[in-house]
Amino acid sequence: MDVRALRYFTEVVRQQSFTRAAEKLFVTQPTISKMLRQLEEELGCTLLLREGRKLHLTDSGQAVYQRGLVILQEFHQLEAQLGDINQLKTGELRLGIPPMVGMQMAGSISAFRRRYPGVQLKISEFGGLTAQQAVLSGALDIALTALPIESELPLNTLELMHHPLCVLLPRSEKWRDHHKVGLAELAEHPLLILNEEFALNRQIRKAFQRQNLTPTIALRSAQWDFLAAMVQAGMGLAILPEPICQRLDKQSLLWLPLESELQWSLGLIWREGSYLSRSAEAWIECCREHWPDSAPRLSV
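Residues numbered from 1 in each chain as written. Predicted model: local features only at pLDDT ≥ 70, side-chain atom pairs only at ≥ 80, totals over all residues. Heavy atoms only, no water.

Caption draft 1: Region of the structure containing the packing of helix α2 (residues 18-25) against helix α3 (residues 29-43). Relative orientation of the contacting elements α2 and α3 amounts to 105°, with a least axis distance of 8 Å. For the element pair α2 / α3, the angle class is roughly perpendicular. Contact with α2, carried on its side by F18, T19, A21, A22 and L25, involves Q29, I32, S33 and L36 of α3 and no other residues of that element. Looking at side-chain class alone, the contact of α2 with α3 contains six nonpolar, three polar and no charged residues. (Axes fitted to C-alpha atoms, helices over the stretch in contact; angles between N-to-C directions. Helix = DSSP H or I, 4+ residues; strand = E, 2+ residues; numbered from the N terminus. Parallel < 35°, antiparallel > 145°, perpendicular 65-115°, else oblique. Contact = heavy atoms within 4.5 Å. Nonpolar A, V, L, I, M, F, W, Y, C, P; charged D, E, K, R; others polar.)

See below:
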């Protein structure tokens, strides 16, 4: 059923005149007559009866008129809602962020909320690998994760920031003369790392493999502050991004640069070739403004 036909029909009934309805709708009278004939043919019943200059609704016409008013009101609300979504007065953004990077993203999240207060922001804290699967399955619109990702994944990426990795150590005489720590030396000590949920876990393990090193993994955890507490307790050494280390207690812990090509690179990921919501597009643009040096890298 053509919504225009319903609109023309209800307006004719309201105006009690084809001529006045045509003027109100800015169309010609023959156009309205044609649309009403098509509506009656589609429904298989007569809707209007003419008696001189008066118009009377049939029983079917009364039912179509009453139901048509409801349908047109719903359609009007739908148009208004779609307009609000397109103008980002409303909507929803399902965003995944690793637990470690909340502080790094606070500025861009705040800017997004100020700019689009009507968009409901649903933030889920996931490690990078879990976030990737959530984006691929459609559970998340977009997520932040460590880069690079596996090249075969159908994901688009936008790198936002990168930071060096550091080795977290207990503040003791043993380490005070060191300026950096390499993977070979690190493999001689118990290692405390983030668990398999995090992309950084995979990258660190691959870095050891490339040097034919087999570290002793003493502990895996999803909580960087717990890893730091275990280092302080003498359980082993940890590899953490520099911004995380900067938030730790310098009186009891020491961190030195990791001698490796590894970096903590973070970026946005979203599904390649799939519909991207207006709110997700706005989030990407907001991040581009917050990190003007960011550049898109499409996975292949």
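Caption draft 2: View of the packing of aromatic side chains. Within this structure, the stated rule accounts for two aromatic pairs. Plain terms: the ring middles of F112 and W283 are 5.6 Å apart, the flat faces sit at 80° to each other, and that makes the pair edge-to-face. Residue F112 is located in helix α5 (residues 102-115), and its partner W283 is located in helix α11 (residues 278-290); the two are separated by 171 residues in the primary sequence. Assessed through its relative accessible area of 0%, F112 is described here as buried. A relative accessible area of 0% places W283 in the buried class. The rings of F112, Y116 and W283 are connected pair by pair, giving a single aromatic cluster. (Phe/Tyr/Trp six-rings, centres within 6.5 Å; stacked < 30°, edge-to-face > 60°. Buried < 20%, exposed > 50% of the residue type's maximum accessible area, 1.4 Å probe, protein only.)

Caption draft 3: Structural view of the pairing of strand β9 (residues 216-221). Pairing geometry for strand β8 (residues 190-194) and β9, over five bridges, is parallel. If you follow L192 over to β9, its bridge partner there is L219. Remark: the β8/helix α8 (residues 199-210)/β9 crossover connection has right-handed handedness. (Pairing = 2+ DSSP bridges. Right-handed = clockwise from strand over helix to strand, strands pointing away.)

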